[in-house]
Amino acid sequence: MLCLKYLFSKSILAIIKKKVVSLHNIPHVPVLYREVQEIFEHIEEGTIVDCTMGYAGHSTLILQSNTNIHLIGIDQDQTAIDFSTQRLEPFKDRVQIRKGRFSKMSLEVFEEENNIRGLLADIGVSSLQLDEKDRGFSFDSDNLDMRMDPLSELTAQTVVNTYSQKDLERILSEYGEVRNYKHIASEIISNRPFSSAKELSQCIRPFAPRGKKIHPSTLVFQAIRIEVNNELGELEGLLDSIEKSGLTQARIAIISFHSLEDRIVKQRFKKWSKSCICDDHAMRCTCGNDHSLGKMLSRKPYEAKNDEVKENIRSRSAKMRVFDLGI
C-alpha cells in the first residue's frame, strides 16, 4: 500500500496521475488534507467519527496518522461503503462502517460510544459522484437524479418536473441564492418535462447566473441538489445531535462548500461559545453564566492553500471550522 504520509504530501496529485491500479489509490482528492491531519494529530486514543466517509480519503489519513485511535465511518452511499470497506481493510481492527444519513447515525453513535474524541464532517458531494454521469449531478448527464443515496425517494427529476413555480422559486432563492430565480423558475415550468440534466442545463444556460469561475448552471443545480438530499436539514440535524450528545473533550471539524452551510456552522459554533445566554438588553446576568459548551479553535475558517487549489480546483470553496467541546 502506498505510504499515506507520502501520498498526502505536496506531490499528492502526481501520484494519482500515474494511474496505478489499486483499491488503495484515491478516486478523488480529499480537501484540506493537511489541515485535517493537523487538527486531529493530538488525539492519541479514543474514537474519531467520520460522518461523511465517502471514499475514505480523510478516514485513511486519520487512521494512518493516529495509530491508536478507532474510527467510525458513516455514509449513505452503498457504492462508497463497498469501496471504503476494501480500502480500509488494513485498519479493519480499528474501523466500524455504518450506513445511513449522518444526522441520524451520529446520534446513535453518540449514545453507544463513551470515548469519542473527534468528529469530522465534509459537507459536500464527492468528486467521484460529481463526475459519474449516471448519478445525474453533472451538467451533461443523461440522467436527472442527484441523490446521494440512490435508494432515497426524491429525485431531481421529481423536483424539476412536479414542483410548483412558487416552490421552485423558493429553492432557487434560498438554496442557490440565484438573483433571477423567478425568471429561471418560469423557464423550467414552461419547458418541462425534463429527462436529463443535460436538457435542464441547456434550457437554463442563457438565463443562469454567470461568473468567470463557475458554470452558468452551477447555482441552479446546487439548489436542486440541496433540496433532493435535504443537505441543510442534515447539517442542522448533525449539529443538534452534537449539542444534545453531552460530549466532552471532543474536537468537532466541519468542512462546508458554500455560504449557506458555512453560515449555519458559524452561527451554531458562536452559540456554543456563549457562556451567558441572557437577553442582550438584560441589566444583569441571571442565567448563571455557565452555558458555554467549549470554544472555537479559530474565528476564521481554515481554507485551502494556494498549492492545493492549484492541484485540486474544487478545494477553493472549502472552509473548515473547528470547535473544541468541553474546553
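Residues numbered from 1 in each chain as written. Predicted model: local features only at pLDDT ≥ 70, side-chain atom pairs only at ≥ 80, totals over all residues. Heavy atoms only, no water.

A. Structural context of the overall build of the chain. For the chain, the helix and strand inventory stands at 15 helices and eight strands. Burial analysis of the chain (327 residues in total) assigns 50% to the buried set. Put simply, 68% of the contacts in the chain that link residues at least 6 apart link residues at least 24 apart. Looking at the chain as shown, the accessible area adds up to about 16,200 Å², and 48% of this sits on carbon and sulfur atoms. (Helix = DSSP H or I, 4+ residues; strand = E, 2+ residues; numbered from the N terminus. Buried < 20%, exposed > 50% of the residue type's maximum accessible area, 1.4 Å probe, protein only. Contact = heavy atoms within 4.5 Å. Areas by Shrake-Rupley, 256 points an atom, 1.4 Å probe, with all protein chains shown as cover.)

B. A look at helix H10 (residues 181–191). When H10 is considered as a whole, its buried residues turn out to be Ile184, Ala185, Glu187 and Ile188. The arc that holds every buried residue of H10, seen down its axis, measures 160 degrees, which confines them to one face. Where H10 is buried, its residues contact helix H8 (156–162), helix H9 (165–174), helix H11 (197–204) and helix H12 (218–229). (Arc of directions from axis to C-beta.)

C. Representation of the packing of aromatic side chains. This structure, assessed with the given rule, holds five aromatic pairs. Their ring planes at 35 degrees and their centres at 5.4 Å tell us that phenylalanine 269 and tryptophan 272 sit as a pair that is tilted. Of this pair, phenylalanine 269 and tryptophan 272 are both found in helix H14 (residues 259–273), three residues apart, which corresponds to roughly one turn of the helix. Accessibility expressed as a relative area gives 0% for phenylalanine 269, which makes it buried. With a centroid separation of 5.3 Å and an interplanar angle of 45 degrees, the aromatic rings of phenylalanine 269 and phenylalanine 323 are classed as tilted. Remark: phenylalanine 323 occurs in strand S8 (residues 319–325) and phenylalanine 269 occurs in helix H14; sequence separation between them is 54 residues. (Phe/Tyr/Trp six-rings, centres within 6.5 Å; stacked < 30°, edge-to-face > 60°.)

D. A look at the side chain of glutamate 261. Among the structural elements, glutamate 261 can be located in helix H14. Of the buried charged residues, glutamate 261 lacks a salt bridge, with arginine 225 as the closest side chain of opposite charge at 4.9 Å. Excluding residues within four positions of it along the chain, glutamate 261 makes contact with Ile123, Glu231, Leu232, Leu235 and Ser256. (Lys, Arg positive; Asp, Glu negative; His and termini not counted. Salt bridge = Lys/Arg side-chain N within 4 Å of Asp/Glu carboxyl O.)

E. Spotlight on the pairing of strand S5 (residues 250–256). The element S5 is extensively covered by neighbouring structure, given that seven of its seven residues are classed as buried. Side-chain alternation along S5 places Ala250, Ile252, Ile254 and Ser256 on one buried face and Arg251, Ala253 and Ile255 on a second face that is also buried. Here strand S4 (residues 116–122) runs beside S5; their pairing, made up of five bridges, is parallel. Each residue of the ladder has a partner; that of alanine 121, found in S5, is isoleucine 254. (Pairing = 2+ DSSP bridges.)

F. Examining the confidence of the model for the chain more closely. Mean pLDDT over the chain stands at 85; residues scoring 70 or higher make up 87%. The spread of mean pLDDT over the elements of the chain runs between helix H2 (residues 12–16), the lowest at 38, and H8, the highest at 97. Contacts for the low-pLDDT stretch residues 1–24, under 50 throughout, to residues beyond four places or in other chains number 40 contacts. (pLDDT = per-residue confidence, 0-100.)

G. Summary view of the pairing of strand S3 (residues 95–99). With five bridges joining them, strand S2 (residues 70–75) and S3 adopt parallel strand pairing. Following the sheet pairing, isoleucine 72 is matched in S3 by glutamine 96. Handedness of the crossover joining S2 and S3 through helix H5 (residues 78–87) is recorded here as right-handed. (Right-handed = clockwise from strand over helix to strand, strands pointing away.)

H. Summary view of a positive patch on the surface. Where like charges cluster on the molecular surface, the positive patch consists of Lys266, Lys270, Lys274, Arg299 and Lys319. One can find lysine 270 in helix H14. The exposure class of lysine 270 is exposed, given its relative accessible area of 57%. (Patch = residues over 30% accessible without salt bridge, like charges linked within 9 Å, V, L, I, M, F, W, Y side chains within 5 Å. Charge placed at Lys NZ, Arg CZ, Asp CG, Glu CD.)

I. Focus on the pattern of salt bridges. Counted under the stated rule, the structure contains 18 salt bridges. Across the pair glutamate 89 and lysine 92 runs a salt bridge, and its minimum N-O distance is 3.3 Å. Given the relative accessible area of 39%, glutamate 89 is considered partly exposed. For lysine 92, a relative accessible area of 52% gives the class exposed. One salt bridge connects aspartate 145 with arginine 147, and the closest N-O pair in it is separated by 2.7 Å. The class of aspartate 145 is buried, set by a relative accessible area of 16%. A relative accessible area of 16% places arginine 147 in the buried class. What emerges from the salt-bridge pattern is a single network uniting Glu236, Asp240, Glu243, Arg268 and Lys271.

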